[in-house]
Amino acid sequence: MKFWQALSFTETDQLVEVARACEEVGFHGALVADHYFLPEKLASKYPYSEDGAPPFAGDAEFPEPFAAISAMAAATQRLHFATGICIAPLRHPIALAKSVATASVLSGGRTALGVGVGWIREEFDQLGQDFATRGVRLDEMIEVMRKLWAGGMAEHRGRFYAFERLQMSPPPVGQVPIYVGGGSEPALRRAARNDGWIGTGDDPARVPAILERLRVLRKEEGRERAPFETIVALTAPPDVALFRRLEDQGVTSIVSWPLTYALGPASSVEAKRRALEQYGSEVIARC
């Protein structure tokens, strides 16, 4: 079993030191979140809470994810990084491919791209991106990025994006894994076509059904033998016995809750290090 630490809401100026601590205590990777802003007047409903309210306010820090990954990668040697998740349809695929490739090179191939369609319509409106087509655009974006990451000249003519032959350099180190977040049927199907799935905070009782659905979809896509990551965030507290059962059922990675959930909205690097060390000794070392 591998473990990822969610760095959502972590103070930006603490990220480098926290990443070092994650590596030291045995985490496989760190996940960084993504939003450009939170509007003061929010009409969009957060899809993962009963009342539609998001679990953060406008002062929650969301640094540019690939700049953050590059900084943390420079301070670590083994820790992997992924966006959990990047709201890809807010961006142009060439621009996103460039950011990911640069982080991949600077991290020595330790960067994966976790993607999702997003839920804040106001972000899409402000940035001039169509909210209604965000899912189908994401599918085409993935196709575009894989072409650009292959190196050499590439061209594309699709429904939403088109360009003549061009070359993006530097290409990433190896193949960038693409993990898809979300619990909807389209999200699970998109994950099955790619390299993995990132959970959104699930009841452990629901996870086996999700894993089975992913197995069915991967078989339909002819990818049942391809490497595939299931990076699961749970609503339940850490439980070694539970994690072992989920591993037997096919879960490859567990996400540790954002530190702000345990330590509050503001805490020192020292407090975060102590919490990570405790998780390392009580959970990671026993799994």
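Relevant structure appears above.
Here we summarise the structure given alongside this text. (Residues numbered from 1 in each chain as written. Predicted model: local features only at pLDDT ≥ 70, side-chain atom pairs only at ≥ 80, totals over all residues. Heavy atoms only, no water.)

## With respect to unusual backbone geometry
Note the cut-off: Under the DSSP-based scheme used, a helix requires at least four consecutive residues in state H or I and a strand at least two consecutive residues in state E, with every element numbered from the N terminus. Only protein chains enter the accessibility calculation, which uses a 1.4 Å probe; a residue whose area is less than 20% of its type maximum is buried, one above 50% is exposed, and one in between is partly exposed.
The omega torsion across G84 and I85 is 0°, close enough to zero to call that bond cis. Along the polypeptide, I85 turns up in the loop between β3 (80-83) and β4 (86-87). Phi is positive for F9, which is not a glycine, with a value near 70°. Owing to a relative accessible area of 16%, F9 belongs among the buried residues under this scheme.

## Observations concerning the packing of helix α2 (residues 65-74) against helix α3 (residues 93-106)
Test applied: Only C-alpha atoms enter the line fits that serve as axes; for helices the fit covers just the stretch in contact. Angles between N-to-C directions range over 0 to 180 degrees. In these notes the angle categories are as follows: under 35 degrees is roughly parallel, over 145 is roughly antiparallel, 65 to 115 is roughly perpendicular, and the rest is oblique. Contacts were defined at the residue level, with two residues in contact if any of their heavy atoms lie within 4.5 Å. Nonpolar residues are Ala, Val, Leu, Ile, Met, Phe, Trp, Tyr, Cys and Pro. Charged residues are Asp, Glu, Lys and Arg, and all others, Gly as well, are polar.
As a packed pair, α2 and α3 sit with axes 9 Å apart at the nearest point and diverge in direction by 5°. When the axes of α2 and α3 are compared, the pair comes out roughly parallel. Contacts between α2 and α3 involve F66, I69, S70 and A73 from the former and L96, S99, V100, A103 and L106 from the latter. Taken together, the residues of the contact of α2 with α3 break down into seven nonpolar, two polar and no charged.

## Section: the pattern of salt bridges
The line we're drawing: In what follows, salt bridge is the name for a side-chain nitrogen of Lys or Arg lying within 4 Å of a carboxyl oxygen of Asp or Glu.
Within the structure shown, the criterion is met by 18 salt bridges. Close ionic contact of E143 with K147 constitutes a salt bridge, the shortest N to O distance being 3.8 Å. Within this pair, E143 and its partner K147 are both found in helix α5 (residues 134-149), separated by four residues, close to a single helical turn. Assessed through its relative accessible area of 41%, E143 is described here as partly exposed. Here E220 ties to R189 by a salt bridge, and the two come within 3.2 Å at their closest N and O atoms. Within this pair, whereas E220 is found in helix α7 (residues 207-220), its partner R189 is found in helix α6 (residues 185-192), the two being separated by 31 residues in sequence. Linked by salt bridges that have partners in common, E185, R189, R213 and E220 make up one network.

## Notes on the layout of surface pockets
The criterion, for reference: Any residue with an atom within 4 Å of a point lines the site, the site being either a cavity, points on a 1 Å grid over the protein atoms alone where a 1.4 Å probe fits but cannot get out, or a pocket, an open set with protein on both sides within 12 Å along at least 5 of 7 lines. Grid points are joined across faces, edges and corners, and a volume is the space filled by probe spheres set on the points.
Each pocket or cavity is described by its volume, and for the largest pocket that value is around 1,100 Å³. Every residue lining the largest pocket is counted, 43 residues in all, and those nearest its centre are Y46, Y48, G84, G199 and T200. For the lining of the largest pocket, the secondary-structure elements that each account for two or more residues are α5, β8 (178-181), α6 and β11 (253-256). Looking at side-chain class alone, the lining of the largest pocket contains 24 nonpolar, 15 polar and four charged residues. One number sums up the size of the second largest pocket: a volume of about 380 Å³. Every residue lining the second largest pocket is counted, 21 residues in all, and those nearest its centre are P238, S256, A262, A275 and Y279. For the lining of the second largest pocket, the secondary structure elements donating two or more residues are β11, α9 (259-263) and α10 (269-282).

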